[in-house]
Amino acid sequence: MDIIHEDAVVIQPLNNDWYQNKVAAMDMLRLDLIHPVISGNKWFKLKYNLQQAKVKGYDSIITFGGGFSNHLVAAAAAAKEYGYKITAIVRGKYDVLTPTLKDCIELGMELIFVTKQEYANKENPEWLQTITDTKNKLVIPEGGANEWGRLGAQDITRYILEGYTDVCVSVGSGTTLIGLRNALPASVNVTGFVPMKEGNYLLDEIMTHLPGKSKRVKLFDYWHFGGFGKWNSELIDFMNEFHKKHEIPLDIIYTSKMMYGVKELLSGERPYFNDGARVLCIHTGGLQGNISVKGKLEY
Ligand SMILES: *Cc1c(COP(=O)(O)O)cnc(C)c1O
């Protein structure tokens, strides 16, 4: 069960003048290329969840997200592709729909809006039953953050060639990072970049899924640019420059902040990566979200 284009995934070297011989190699794994809507890591987190719907004989799915959630659009597109009905419980009430939510509706997703306070009950099955009938429906948590999501994220390592010493990835729930850490050789360092204020609290939650593997996981939450979904002209300029140099479009929420962080980690007196490091940065997709900054980006 795979609707993604495996052949479309490439490992693209970044120009050496960008990392200035401070490491032995720096490449990007282009998961953004696998599908125009179900892009990046979201497909991997969804695939075994969808398989569960099939195994259980369900024809409907319920999932959760906010108005800018890449997970919601990816889930809507994947459900459509596989012929499942899908309902999203959306966090917050919107007078004007976001472009993301409009896309979800266009893809056939039913949206049920609840207040932020109500949404806090999202993991309570009894509450959910009061919102929508859950009988014979597969419930996928926000961001695909469950054991099937973590298992699917492990499959990303199929595309990671041997020889990398470091893997860098953006972190939202940490599901992707957990899958990667669990499937990569123990010797590889995994560095996560959290694009939100004080996101380091996620480390404890992540570690509960990585028993005995705490050594080579590091999270950075410095490069949040004011908080989740926030940005400034410096970040926009960085994205435009990055695109000019590498012809790689980054997204405004996750991968731009990660690459900004990677660049910062390369500078300074005591570089974070070893001289001989071979670094692979994972492009987790999310490009649909750039519609919120359309006109500012030169791509
Ligand atoms: C959702 C998302 C992430 C975060 O993934 P988690 O598995 O929740 O940590 C990272 N990058 C992009 C582009 C995303 O859309």
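Our subject is the structure that appears above.
Just so it is clear, the model here is predicted, and its values are computed rather than measured.

Focus: helix α11 (residues 255–266)
- When the terminal C-alpha atoms of α11 are compared, their 16 Å separation across twelve residues agrees well with the 16 Å that a helix rising 1.5 Å per residue should span.
- Counting buried residues along α11, ten of its twelve residues qualify, which places the element largely inside the surrounding structure.
- The set of residues buried in α11 consists of T255, S256, K257, M258, M259, Y260, G261, V262, L265 and L266.
- At the C-terminal side of α11, G268 shows a positive phi close to 90°.

With respect to the packing of aromatic side chains
- Considering all chains together, one arrives at 16 aromatic pairs under this definition.
- Ring geometry for F220 and Y222: centres 5.7 Å apart, planes at 55°, overall tilted.
- Residue F220 is classed as buried on the basis of its relative accessible area, which comes to 7%.
- Taking relative accessible area as the criterion, Y222 reaches 55% and is therefore assigned exposed.
- Grouping aromatic residues by their ring pairs yields a cluster made of F193, F220, Y222, W223, Y272 and F273.
- Just above the ring of F220 sits the side chain of K218; from NZ or CZ to the centre is 5.0 Å.

Focus: the sheet that holds strand β9 (residues 217–220)
- Reading across the sheet, the six strands line up as β1-β2-β10-β7-β8-β9 and stay open at both edges, with mixed pairing between neighbours. Bordering the open sheet on either side are β1 (11–13) and β9, each of which pairs with just one other strand. The average undirected angle you get between the axes of adjacent strands in this sheet is 25°.
- Where strand β2 (residues 25–30) lies against strand β10 (residues 278–283), six bridges are found, and the strand directions are parallel. From the neighbouring strand, R30 faces β10, where its bridge partner is H283.

Things to note about helix α10 (residues 233–246)
- For α10, spanning 14 residues, the distance from its first C-alpha to its last is 20 Å, which sits close to the expected 20 Å at 1.5 Å a residue.
- Residues of α10 that are buried: L235, I236, F238, M239, N240, F242 and H246.
- Looking at the buried residues of α10, the elements they touch are β1, α1 (16–19), β2 and α11.
- For α10, the N-terminal cap is N232; the gap from its side-chain oxygen to the backbone nitrogen of E234 is 3.1 Å.

What about the sheet that holds strand β3 (residues 60–65)?
- Reading across from one edge, β5-β4-β3-β6 is the order of the four strands in this open sheet, with parallel pairing throughout. Either end of the sheet is taken by a strand with one partner, and the two such strands are β5 (110–114) and β6 (137–139). When the angles between neighbouring strand axes are averaged without regard to direction, this sheet yields 25°.
- Relative to β6, β3 runs parallel, the two being bridged by three bridges. By the bridge assignment, I62 is partnered in β6 with V139.

What about the pairing of β10?
- Of all six residues making up β10, five are buried, and the element is well covered by its neighbours.
- Bridge count between strand β7 (residues 166–170) and β10: three bridges; the pairing is parallel. Counterpart to C168 in the pairing with β10 is C281.

Considerations on the environment of L266
- Mapped onto the secondary structure, L266 falls in helix α11.
- A relative accessible area of 5% means that L266 is categorised as buried.
- With residues near it in sequence (within four places) discarded, L266 still touches W18, Y19, K22, V23, M26, P271 and F273.

Things to note about the environment of F68
- Inspection of the secondary structure puts F68 in the loop between β3 and α3 (70–82).
- Look at F68 and you get exposed, because its relative accessible area is 52%.
- Taking the C-alpha atoms as reference, F68 lies 10.0 Å from L97; in sequence the two are 29 residues apart.
- Not counting chain neighbours up to four residues away, the residues in contact with F68 comprise T98, T100 and Q288.

Some points on a negative patch on the surface
- Together, E234, D237, E241, E264 and E298 make up a negatively charged patch on the protein surface.
- At three residues, the largest contribution of residues to the negative patch is made by α10.
- With respect to the helices, strands and loops of the structure, D237 is situated in helix α10.

Considerations on the side chain of S170
- As for its position among the elements, S170 is in strand β7.
- Overall, the relative accessible area of 6% leaves S170 in the buried class.
- In this structure the side chain of S170 is engaged in a polar contact, spanning 3.5 Å, whose partner is the backbone oxygen of Y254.

Conventions we followed
Residues numbered from 1 in each chain as written. Predicted model: local features only at pLDDT ≥ 70, side-chain atom pairs only at ≥ 80, totals over all residues. Heavy atoms only, no water. Helix = DSSP H or I, 4+ residues; strand = E, 2+ residues; numbered from the N terminus. Expected span 1.5 Å × (residues − 1). Buried < 20%, exposed > 50% of the residue type's maximum accessible area, 1.4 Å probe, protein only. Phe/Tyr/Trp six-rings, centres within 6.5 Å; stacked < 30°, edge-to-face > 60°. Lys NZ or Arg CZ within 6 Å of the ring centre and 35° of its normal. Pairing = 2+ DSSP bridges. Axes fitted to C-alpha atoms, helices over the stretch in contact; angles between N-to-C directions. Contact = heavy atoms within 4.5 Å. Polar contact = N/O pair within 3.5 Å; in protein donor to acceptor, adjacent residues only side chain to side chain. Patch = residues over 30% accessible without salt bridge, like charges linked within 9 Å, V, L, I, M, F, W, Y side chains within 5 Å. Areas by Shrake-Rupley, 256 points an atom, 1.4 Å probe, with all protein chains shown as cover. Salt bridge = Lys/Arg side-chain N within 4 Å of Asp/Glu carboxyl O. Lys, Arg positive; Asp, Glu negative; His and termini not counted. Charge placed at Lys NZ, Arg CZ, Asp CG, Glu CD.

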